[in-house]
Amino acid sequence: MKKEIAKLQYITQQTNTLSHVQAAQKACEAGCNWVQLRVKDTPEAEVQAIALKVKAICALYGATFILNDHVAVAKAVHADGVHLGKEDMSPKEARKILGKDAIIGGTANTFEDVQRLVKARVDYIGAGPFRFTTTKKKLSPVLGAQGYTTLMANCYEQNIDTPIVAIGGIVAEDLSIIRQTGVYGVAVSGVITHHQSPAQVVETMQTTFNISRV
């Protein structure tokens, strides 16, 4: 059975006024149905405590709950899946731990990365960054619209149909040009986290990518 991958994915971000849990709540209230909890430089026990709270929020709103990096915690809290960075555990190893039903995503910056992840049978690929972003400490070379266009052309040529999701500093004004590149969807963080009316942003993104509101 093919897993359902959201075209609009929200990645949590802690700010001076919002915790990861509050950020997840804000995104779900705004209409996001996919939340990736991304907690870095934090003890695993604390990550698990946060994950349980975010999972409960996602369950309340019927949203898919993905945990960044922490495969053992994802298994412990029964997350829907994990997203793995280039320096995290291999997708194949994560699959052994989480099982065939788990959603496993991976990060790519080049077409070679995409090929490697497809070979590892990930369920979706987060490709980026679209532009410079302060969310990540180790930022790969910026792709921009042209980078995605080239990446997607290579995917079509090689008959790769794994969903490619654009990520990295994306704001609402970028959506039209990003969609024209042929990517499957977008993953965002700050544009929802910091917005006073996040539901408006979510609606704009859903309209651009023809996502039906349930």
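In case you missed it, the structure is sitting above this.
As a starting point, this report considers the structure included with it.

1. Describing the overall build of the protein
Working step 1: For the protein, the helix and strand inventory stands at 9 helices and 8 strands.
Working step 2: Against the globule reference of 17 Å for 214 residues, the protein gives a C-alpha radius of gyration of 16 Å, in line with a compact fold.
Working step 3: In terms of overall dimensions, the protein has C-alpha extents of about 45 × 40 × 35 Å along its principal axes.
Working step 4: Counting every position in the protein, which comprises 214 residues, the buried fraction comes to 50%.

2. Some thoughts on the nonpolar core
Working step 1: Ranked by internal contacts, the top residues of the largest apolar core, which has 59 residues, are Val54, Val114, Ile164, Val186 and Ile192.
Working step 2: Look past the residues within four positions of Val114 in its chain and what remains in contact with it is Ala108, Ile125, Leu151, Cys155, Ile160 and Ile164.

3. Focus on the pattern of salt bridges
Working step 1: Per the counting criterion, the structure on display carries 7 salt bridges.
Working step 2: Residues Lys3 and Asp123 are paired through a salt bridge, measuring 3.3 Å at the closest nitrogen-oxygen approach. Remark: Asp123 occurs in the loop between helix H5 (111–119) and strand E6 (124–127) and Lys3 occurs in the segment before strand E1 (8–11); sequence separation between them is 120 residues.
Working step 3: The class for Lys3 is partly exposed, based on a relative accessible area of 23%.
Working step 4: We note a salt bridge from Arg116 to Asp113, for which the minimum N-O separation is 3.7 Å. With Arg116 and Asp113 both in helix H5 and 3 residues apart, this pair spans about one turn of that helix.

4. Observations regarding the sheet that holds strand E4 (residues 81–84)
Working step 1: Read around the closed barrel, 8 strands run E1-E2-E3-E4-E5-E6-E7-E8, paired in parallel fashion. Taken pair by pair, the neighbouring strands of this sheet meet at an average axis angle of 25°, ignoring direction.
Working step 2: Strand direction decides the pairing type here: strand E3 (residues 64–68) and E4, joined by 3 bridges, are parallel. Its bridge partner being in E4, Asn68 is matched across the sheet by His83.
Working step 3: Across the sheet, helix H2 (residues 44–61) is in contact with strand E2 (34–37) and E3; its angle to E3 comes to roughly 160°.

5. Focus on the pairing of strand E7 (residues 164–167)
Working step 1: As judged from the 3 bridges shared by E6 and E7, these two strands associate in the parallel manner. Paired with Ala127 across the two strands is Ala166, which belongs to E7.

6. Focus on H5
Working step 1: Every buried residue belonging to H5 is among Phe111, Asp113, Val114 and Leu117, and all of these are buried. Viewed along the axis of H5, the buried residues span an arc of 150°, placing them on a single side of the element. Projecting away from the buried face of H5 at angles above 90 degrees are the exposed residues Glu112 and Lys119.
Working step 2: Among the structural elements, helix H4 (91–98), strand E5 (103–108), E6, helix H6 (144–157) and E7 are those in contact with the buried residues of H5.

7. Let's talk about H6
Working step 1: In this model H6 runs 20 Å from its N-terminal to its C-terminal C-alpha over 14 residues, within 8% of the 20 Å that 1.5 Å per residue would give.
Working step 2: Lining the buried residues of H6 we find H5, E6, E7 and helix H7 (175–180).
Working step 3: Just past H6, the residue Asn159 takes up positive phi, approximately 60°.

8. Examining the side chain of Thr64
Working step 1: Inspection of the secondary structure puts Thr64 in strand E3.
Working step 2: By relative accessible area, Thr64 is classed as buried at 18%.
Working step 3: Other than its neighbours up to four places away in sequence, Thr64 contacts Asn33, Trp34, Val35, Cys58, Asp80 and Ile103.

Calculation notes
Residues numbered from 1 in each chain as written. Predicted model: local features only at pLDDT ≥ 70, side-chain atom pairs only at ≥ 80, totals over all residues. Heavy atoms only, no water. Helix = DSSP H or I, 4+ residues; strand = E, 2+ residues; numbered from the N terminus. Rg over C-alpha atoms; globule rule 2.2 N^0.38 Å. Buried < 20%, exposed > 50% of the residue type's maximum accessible area, 1.4 Å probe, protein only. Core = buried A, V, L, I, M, F, W, Y, C linked by side-chain atoms within 4.5 Å. Contact = heavy atoms within 4.5 Å. Salt bridge = Lys/Arg side-chain N within 4 Å of Asp/Glu carboxyl O. Pairing = 2+ DSSP bridges. Axes fitted to C-alpha atoms, helices over the stretch in contact; angles between N-to-C directions. Arc of directions from axis to C-beta. Expected span 1.5 Å × (residues − 1).

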